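Structural overview for review
Chain residues, written in single-letter form:
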Amino acid sequence: MSIVTVVGNPRTGSRTYTVAVQAARAVAGRIGEGAEGEAGEVVDLSLLAPTLLAPQASPEVEAALDLVRRASVLVVASPTYKGTYTGLLKVFLDRLPGGALTSVVALPLLVLGDAKHSLAVEVHLRPLLVELGATVPTPGLAVIESQIPALDEVLDPWADRVAPQVRAALTAISAASA
């Protein structure tokens, strides 16, 4: 089992990166994946941005896509731009064929500047992951920027709530592929 986090913020070292990695750690600890505090692999799209739209295939982008396809649990995070996820995240996910995430449990996550965009995680990001074949067993997580200083207060109850659903989805996927 592997946990992979995709961060769709075009800026390196972003708050989205911090939230996403901590969310992955929180879930990993509760589903028994890795040691406490481990986040698994991280695909930081800010580092791949210069090669994502290049006319020739990039070994780094192909390796990141392969990592995403092989994930057991995929945390997909983006800041909210104009009421939805970033174009950078969309460009990356558009490189995956339909059904590429069929054996992946995905957890959508958006970092918001304002609570009025809270539904974007369900209305925009969840359907994209489902379209790619992912199992999305829980509501997406919307983290408002003002919550970041007390992030554990948001992530701990969320991870406690979603971990049983993630484990059940992983079991169902495993049974279906056996």
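Whatever comes next refers back to the structure up there.
In what follows, the accompanying structure is described. Each residue is numbered by its place in its chain's sequence as written, counting from 1. This being a predicted model, a pLDDT of at least 70 is required before a residue's local features are given, and a value of 80 or more before pairs of side-chain atoms are given or counted; all residues contribute to the totals for chains, interfaces and linings. No hydrogens and no water enter the side-chain calculation; it runs on all heavy atoms of the structure.

1. Observations concerning the pattern of salt bridges
The term salt bridge refers to a side-chain nitrogen of Lys or Arg lying within 4 Å of a carboxyl oxygen of Asp or Glu. Tallied over the full model, the rule gives seven salt bridges. Arg15 is paired through a salt bridge with Glu145; the nearest N and O atoms lie 3.3 Å apart. With Arg15 in helix α1 (residues 15-31) and Glu145 in the loop between β5 (141-144) and α6 (151-177), this residue pair connects regions lying 130 residues apart in the sequence. Each residue gets one of three labels from its accessible area relative to the maximum for its type: buried under 20%, exposed over 50%, partly exposed in between, using a 1.4 Å probe on protein chains only. The exposure class of Arg15 is partly exposed, given its relative accessible area of 43%. Measuring nitrogen to oxygen at the nearest pair gives 3.1 Å for the salt bridge that ties Arg95 to Glu62. With Arg95 in the loop between α4 (87-93) and β4 (105-112) and Glu62 in helix α3 (residues 59-70), the pair connects residues that are 33 residues apart, well separated along the chain. Residue classification places Arg95 among the partly exposed residues on the basis of a relative accessible area of 32%. Overall, Glu62 belongs to the partly exposed group, its relative accessible area being 32%. When salt bridges with common partners are traced through the structure, they connect Arg30, Asp156 and Asp160 into a single cluster. Secondary structure is summarised from DSSP: a helix means a run of H or I of at least four residues, a strand means a run of E of at least two, and numbering begins at the N terminus for each.

2. Some points on α1
Since the α-helix turns once every 3.6 residues, residues separated by three or four places project in the same direction. In this analysis, the expected span of each helix is defined as 1.5 Å times one less than the number of residues it contains. Taking 1.5 Å of rise per residue, the 17 residues of α1 would be expected to cover 24 Å, and the 24 Å separating its terminal C-alpha atoms lies within 8% of that figure. When we look at burial in α1, the residues that qualify are Thr16, Val19, Ala20, Val21, Ala23, Ala24, Ala26, Val27, Ala28 and Ile31. Buried positions along α1 lie against β1 (3-7), β2 (41-44), β3 (73-79), β4, β5 and α6. Immediately beyond the C-terminal end of α1, within one or two residues, lies Gly32, with a positive phi of roughly 80°. We call two residues contacting when some pair of their heavy atoms lies within 4.5 Å.

3. A closer look at unusual backbone geometry
Its identity is not glycine, yet Lys82 carries a phi of approximately 50°, on the positive side. Structurally, Lys82 can be placed in the loop between β3 and α4. Given a relative accessible area of 87%, Lys82 falls into the exposed group.

4. Describing the nonpolar core
Within this scheme, the nonpolar core is defined by two criteria: the residues are buried Ala, Val, Leu, Ile, Met, Phe, Trp, Tyr or Cys, and they are joined through side-chain atoms within 4.5 Å. If you look at the biggest cluster of nonpolar residues, it comprises 35 residues, and the most contacted ones within it are Val43, Val68, Leu74, Phe92, Leu93, Leu101 and Leu129. Elements represented by at least two residues in this core include exactly β1, α2 (45-52), α3, β3, α4, β4 and α5 (120-131). Counting 31 residues, the second-largest nonpolar core is a separate cluster that includes Ala26, Ala28, Ala77 and Val166.

5. A word on the packing of α2 against α3
Where helices are involved, their axes are fitted lines through C-alpha atoms of the stretch in contact, as for all axes, and angles between N-to-C directions lie from 0 to 180°. At their nearest, the axes of α2 and α3 sit 9 Å apart, and the two run at 125° to each other. Considering their axes alone, α2 and α3 lie oblique with respect to each other. Viewed along their axes, α2 and α3 form a crossing whose handedness is left-handed. In this structure, α2 contributes Leu48, Thr51 and Leu52 to the contact, and α3 contributes Glu60, Val61 and Ala64. Three classes are used, and their members are as follows: Ala, Val, Leu, Ile, Met, Phe, Trp, Tyr, Cys and Pro are nonpolar, Asp, Glu, Lys and Arg are charged, and the others, Gly among them, are polar. Its residues placed into classes, the contact of α2 with α3 shows four nonpolar, one polar and one charged. Any angle between 65 and 115 degrees counts as roughly perpendicular, while under 35 counts as roughly parallel, over 145 as roughly antiparallel, and the rest as oblique. Crossings are sorted by hand: turned counterclockwise from the far helix by less than a right angle, the near helix makes the crossing left-handed, and turned clockwise it makes it right-handed.

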